[in-house]
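Residues per chain are reported as follows:
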Amino acid sequence: MALYGHIRLLSVLLGTFLSFYLPLSECKKLDGYNFPVYSTEFCPRNQTEWNERSSAINCTKDNGYLCFPNEKFTQLLEFCHRARFIWIQEGYCLYLRTDDSTIYSYSCSSFQSGSECHNSSFPSYDLFKYPSCTSIGNGCFLAEPSCKGIDTTTQPPETTKTIQVAIASMNANKTLEKNEFAINDEVTVIPILYGVLISLSLFCIACIIYRRGIQLRKRRDDEEQPLIRTDICDNAELVVQESPVDRAIFMQWQADNRQFVSTRACKEVEKLIKSQNLVVVTGNSGSGKSAIIQHIALCFRSQGWKVKPVYNVKEIADTYSSVDGSQSRLLFVFNDPIGNESFDEIAYNSWKEHAERLKAFSKNSKMLLSSRKYILLDDRVRGMLNDKSCSIDLSDDKHKLNNGEKENIFRSYALNSGLSKDDINGILTTEEYFPLLCKLYFSDKNNQTIGPRFFKEPFNVCQEQIRNFRNDSKKECKKKYCALVLLVLCNNQLCVEDIHKKNCIREKFELALKLCGMKTETAPHTIGDALKTLEGFFVKKIEDTYHFYHDFVMEVSTYVFGTDYPPTTIRYADIGFLRRRWIDFSMKFLENVCWMLFSIHV
């Protein structure tokens with residue numbers, strides 16, 4: 001009986017060890033995805049296993065762990081998502097498709113009793129509480145009535161239990177007739193069993209250490225490579241020093257990047273920047289130019305490159321002069337280098353003035369630029385900005401968004417939008433501002449009540465919302481309108497603290513209060529509070545400065561303000577905008593424009 005006890009103990013220990021080791025050894029990285037994806041025998045069944053698997057594949061608090069089937073429901077996959085978590089909608093399970101590396105939903109309303117479909121939405125980190133969505137076999141979810149057989153079921157291995165039952169059955173059918181034989185058998189077999197167990201344990205530990213070493217070496221090699229990776233790459237540790245302002249800008253970029261979907265155009269830019277030191281991404285407003293170059297810049301930054309956002313050519317020269325000019329890991333990111341709403345002759349002359357120096361800088365660094373297409377088509381543009389070999393046009397047939405890419409972008413914000421299939425198909429026909437409109441649509445529940453009209457008439461919808469702020473009798477709405485007016489007066493750059501410190505900003509603040517019919521003793525922080533409520537749709541905050549969320553929002557706001565207060569708009573607002581939208585203004589506004597221009601001339 002003593003031998004039986006030893007064998008039983010050793011069996012339990014061996015089974016427990018194997019049940020721990022086997023899942024680790026069977027996890028394998030798969031090819032064909034845009035980011036690291038691993039196969040797994042089963043998804044985590046509790047919080048402890050969830051945390052262990054998350055750590056094993058190097059997920060972070062910002063890149064959350066996920067575990068779903070593939071599109072054929074033949075294999076379970078685990079990977080790190082670009083966001084901390086995603087919401088899994090009521091009545092749907094999820095799966096990961098190979099061809100576009102995108103998560104799709106699958107209705108679980110037909111799941112049979114005992115494996116019911118979840119009746120409420122939940123965050124992805126609670127997925128282990130709903131095993132029906134990760135139990136597959138024979139190319140289907142096991143909970144479906146039509147799913148028959150268990151030959152390929154992805155259930156956790158029951159190694160310990162199997163070994164125990166087998167050995168117990170073997171011993172139950174045998175009788176030891178002589179105590180002496182039993183004692184001798186025990187003396188002989190026990191050391192052998194312990195020796196086998198120890199050997200297996202050492203071998204398994206060695207394998208684990210070896211595999212961990214390979215992973216660490218691979219990670220070090222990846223970090224040393226100066227090329228762009230296509231996986232999630234915006235949260236790695238930095239190896240360069242950055243200013244507080246730049247860090248604030250990168251935080252905004254990372255927030256915008258969480259729903260980023262790589263497209264054919266993005267991949268072309270990634271490919272081009274590897275071989276070219278200057279790449280210009282051009283297209284229409286709201287087409288995703290800035291999103292693409294910011295996404296790629298974050299990838300470079302995660303690999304140790306010094307990324308520098310710049311707003312004029314002189315900043316490039318100053319930055320290049322302040323660092324080791326021979327270093328090749330310096331990337332400049334420059335939006336609208338020669339004008340935003342219209343061709344900026346002053347900015348272009350500055351670019352021409354520094355043209356030779358820029359060519360010299362580009363030999364040892366890289367530049368990612370974005371510009372509206374109609375600005376680069378101006379007859380005055382010459383030189384490197386007009387070089388087609390280093391330009392990607394997001395509006396041409398080769399690079400513009402197709403319906404598949406649009407649907408992926410739309411669903412990256414919500415797998416279940418509540419819209420009908422016909423409504424979504426209608427939305428996918430939108431040509432202008434599509435990536436931007438998806439972001440704005442899902443940023444506010446009020447926008448989602450508007451439905452497809454938000455995509456079909458975005459300018460009118462945004463204009464109506466601003467006019468509602470102006471016309472609503474509620475104080476909070478008036479404060480919001482006044483905040484937008486002040487941001488227009490300050491040319492898209494407002495630090496609330498500057499109202500106290502700078503006389504010119506104080507003057508504009510008092511003017512905004514007067515125009516909006518607010519009390520002159522209104523405190524500046526009132527405007528600051530109103531701007532906070534507008535974050536995410538109308539405005540964004542970088543460090544302590546507010547800006548319009550996008551040029552499109554600034555354009556609509558300036559249009560409304562310009563219609564209401566023409567002379568003030570001419571005096572303070574960006575005149576480039578007025579050159580583009582003048583035909584839409586009322587006759588009264590045009591008369592005021594003529595009057596103001598005549599007054600200035602006299």
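First things first, this report covers the structure right here in the doc. Fair warning: this is a prediction, and the values are worked out from it, not measured in the lab. (Residues numbered from 1 in each chain as written. Predicted model: local features only at pLDDT ≥ 70, side-chain atom pairs only at ≥ 80, totals over all residues. Heavy atoms only, no water.)

1. Examining helix α18 (residues 475–489)
Each full turn of the α-helix corresponds to 3.6 residues, which orients residues three or four apart in the same direction. Just so we agree on the cut-off: Labels follow the DSSP assignment, with helices taken as runs of H or I lasting at least four residues and strands as runs of E lasting at least two, numbered in each case from the N terminus. Multiplying 1.5 Å by the residue count of a helix minus one yields the expected span of that helix.
In a regular helix each residue adds 1.5 Å, so 15 residues correspond to 21 Å; α18 covers 21 Å between its end C-alpha atoms and thus fits that length. At the C-terminal side of α18, N491 shows a positive phi close to 55 degrees.

2. Observations concerning the state of the cysteines
How we decide: Any two cysteine sulfur atoms lying within 2.5 Å of each other are counted as a disulfide. The cut-offs for exposure are 20% and 50% of the maximum accessible area for each residue type, with area from a 1.4 Å probe on protein chains only; residues under the lower value are buried, those over the upper are exposed, and the others partly exposed.
Overall, the coordinates contain 4 disulfides when judged by the stated rule. The disulfide that involves C140 links it to C147, with 1.9 Å between the sulfurs. The sign of the S-S torsion, about 75 degrees, decides the handedness of the disulfide formed by C140 and C147: right-handed. The same class applies to C140 as to C147, namely buried. C482 takes part in no disulfide bond, and the closest cysteine sulfur, belonging to C516, lies 4.0 Å away.

3. Overview of the sheet that holds strand β1 (residues 28–30)
Heads up, the rule is: For two strands to be treated as a pair, DSSP must find no fewer than two bridges joining them. The angle between two axes is taken between their N-to-C directions and runs from 0 to 180 degrees, where each axis is a line fitted to C-alpha atoms and a helix contributes only its stretch in contact.
Read from one edge of the open sheet, 4 strands run β1-β2-β4-β3, paired in antiparallel fashion. Among the strands making up the open sheet, the edge pair consists of β1 and β3 (65–69). Each strand of the sheet is rotated relative to its neighbour by a mean of 35 degrees, with strand direction disregarded. Pairing geometry for β1 and strand β2 (residues 37–40), over 3 bridges, is antiparallel.

4. Things to note about the environment of L331
Selection criterion: Here, residues are in contact when the closest pair of their heavy atoms is within 4.5 Å.
Inspection of the secondary structure assignment puts L331 in strand β13 (residues 330–335). Each C-alpha atom, one on L331 and one on F300, is 7.9 Å from the other, the two residues being 31 residues apart in sequence. With near-sequence residues (within four places) excluded, L331 lies in contact with A297, F300, W305, K306, V307, K308, K366, M367 and L368.

5. Details of unusual backbone geometry
We note that N138 has phi near 55 degrees; this positive angle belongs to a residue other than glycine. Along the chain, the position of N138 falls in the loop between β9 (136–137) and β10 (140–141). Accessibility expressed as a relative area gives 37% for N138, which makes it partly exposed. Of note in the backbone geometry, N492 takes a positive phi value of approximately 70 degrees without being a glycine. Inspection of the secondary structure assignment puts N492 in the loop between α18 and α19 (498–501). Its relative accessible area of 18% is what places N492 among the buried residues.

6. Observations concerning the packing of helix α17 (residues 458–471) against α18
The cut-off we apply is this: Any angle that is under 35 degrees is reported as roughly parallel, and any over 145 degrees as roughly antiparallel; angles of 65 to 115 degrees are reported as roughly perpendicular and all others as oblique. Crossings are sorted by hand: turned counterclockwise from the far helix by less than a right angle, the near helix makes the crossing left-handed, and turned clockwise it makes it right-handed. Polar here means any residue outside two lists: the nonpolar Ala, Val, Leu, Ile, Met, Phe, Trp, Tyr, Cys and Pro, and the charged Asp, Glu, Lys and Arg; Gly therefore counts as polar.
As a packed pair, α17 and α18 sit with axes 7 Å apart at the nearest point and diverge in direction by 120 degrees. Taken as axis vectors, α17 and α18 run oblique relative to one another. Note on packing geometry: the crossing formed by α17 with α18 is left-handed. Facing α17, whose interface residues are I466, F469 and R470, α18 presents C477, K478, K480, Y481 and L484. Class assignment for the residues of the contact of α17 with α18 results in 5 nonpolar, no polar and 3 charged.

7. Things to note about the sheet that holds strand β15 (residues 391–393)
What the 5 strands build is an open sheet, ordered β12-β13-β14-β11-β15; its pairing is parallel. Looking at the sheet topology across the chains shown, the edges are occupied by β12 (306–310) and β15. Adjacent strand axes in the sheet meet at a mean angle of 15 degrees, parallel and antiparallel pairs treated alike. Taken together, the 5 bridges between β13 and strand β14 (residues 366–372) define a ladder with parallel strand orientation. Following the sheet pairing, V333 is matched in β14 by L368.

8. Digging into the nonpolar core
Rule in force here: Residues belong to one nonpolar core when they are buried, are Ala, Val, Leu, Ile, Met, Phe, Trp, Tyr or Cys, and are joined through side-chain atoms within 4.5 Å.
Core analysis: the largest hydrophobic core is formed by 62 residues, its most contacted members being F410, F455, F538 and F552. A per-element tally of this core places α18 first, with 10 residues. Apart from residues no more than four positions distant in its own chain, F455 is found in contact with F410, I427, T430, F434, L437, C438 and Y441. By size, the runner-up hydrophobic cluster in this structure holds 36 residues, among which are I57, L66, L96 and I103.

By themselves, these figures tell us nothing about what the structure is for.
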